[in-house]
Amino acid sequence: MYYRLLEVSDTATTEEIKRNYKQKCLNLHPDKRQEGDKDDEQFNKVQEAWHTLRDEQLRAAYDARVRELKYHNEAAVVDEVDLDEMQENDDQWSYPCRCGDFYRITGDDLEEGLSVVQCGGCSLCIRVVYEEVDEL
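These notes cover the structure that comes with them. Just so it is clear, the structure is predicted and the values come from calculations on it, not from any experiment.

Take the nonpolar core next. Nonpolar side chains tend toward joint burial in soluble globular proteins. Ranked by internal contacts, the top residues of the largest apolar core, which has 16 residues, are Y3, L6, V8, I17, Y21, V46 and L53. The element best represented in this core is helix α3 (residues 40–54), accounting for 5 residues. Not counting the four nearest positions on each side in its chain, V46 is found in contact with L5, L6, Y21, K24, C25 and L28. Counting residues in each nonpolar core, the second largest holds 13 residues, with M86, L110, I126 and V128 among its members.

Dropping the structure here:
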């Protein structure tokens, strides 16, 4: 989540976001790190977060997507399934539903915080349980 990455609330002003963005850049910038430190991916994520949250339209779209995910994650769940129990195939995991179809979740879904997945063939939902890895 971009707000968490920049350590601000979702009601933060653009100025507050900018201040924290600059501080994160100082700490993560490749020129400021010691040799052998590989935080390029984290630095790029901070750049992406700032790019989205500084633009009013992009921020509004991002906030809408976060609200949608939160609503979806609060849906009625019939079971909890550990990610390790699901079949992985090219950054997508699937799990059989009792209707004969499958629940499917992607790496992008997981990265966005999506944990409740609806079956592709019916209205049943499962919660995918997995351990988040903090990249900070």
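Our focus in this paragraph is the pattern of salt bridges. The full count for this structure, using the stated rule, is 5 salt bridges. Of the charged contacts in the structure, one is a salt bridge between R127 and E80, with a shortest N-O distance of 3.8 Å. Within this pair, whereas R127 is found in strand β6 (residues 125–129), its partner E80 is found in strand β1 (residues 79–82), the two being separated by 47 residues in sequence. A residue is classified by how much of its surface remains accessible, and R127, at 25% relative accessible area, is partly exposed.

All right, on to the pairing of strand β3 (residues 92–96) then. Regular strands have side chains that alternate between both faces of the sheet. Bridge analysis of strand β2 (residues 87–88) against β3 gives 2 bridges, and the strand direction is antiparallel. Across the sheet, E88 pairs through a bridge with W93, a residue of β3. Where β2 folds back on β3, the antiparallel hairpin that results is connected by 3 residues, among which D90 adopts a positive phi of roughly 50°. Note that β3 and strand β4 (residues 102–106) share 5 bridges and pair antiparallel. Bridge pairing links P96 to F102 in β4. Joining the antiparallel neighbours β3 and β4 is a turn of 5 residues, in which G100 adopts a positive phi near 105°.

For the rest of this paragraph, the subject is the packing of aromatic side chains. Under the definition given, this model contains 3 aromatic pairs. Summarising the aromatic geometry, the rings of Y2 and Y62 are spaced 4.6 Å apart at their centres and angled 20° between planes, so their arrangement reads as stacked. With Y2 in helix α1 (residues 2–5) and Y62 in helix α4 (residues 56–73), this pair connects stretches of sequence that are 60 residues apart. Residue classification places Y2 among the buried residues on the basis of a relative accessible area of 15%. Ring centres of Y21 and W50 lie 4.9 Å apart, and the angle between their planes is 15°; this geometry places the pair in the stacked category. A residue pair is termed long-range when its members are at least 10 positions apart, and Y21 in helix α2 (residues 14–28) and W50 in helix α3 qualify at 29 residues.

Quick notes on the rules
Residues numbered from 1 in each chain as written. Predicted model: local features only at pLDDT ≥ 70, side-chain atom pairs only at ≥ 80, totals over all residues. Heavy atoms only, no water. Core = buried A, V, L, I, M, F, W, Y, C linked by side-chain atoms within 4.5 Å. Buried < 20%, exposed > 50% of the residue type's maximum accessible area, 1.4 Å probe, protein only. Helix = DSSP H or I, 4+ residues; strand = E, 2+ residues; numbered from the N terminus. Contact = heavy atoms within 4.5 Å. Salt bridge = Lys/Arg side-chain N within 4 Å of Asp/Glu carboxyl O. Pairing = 2+ DSSP bridges. Phe/Tyr/Trp six-rings, centres within 6.5 Å; stacked < 30°, edge-to-face > 60°.

None of this, on its own, says anything about what the molecule does.
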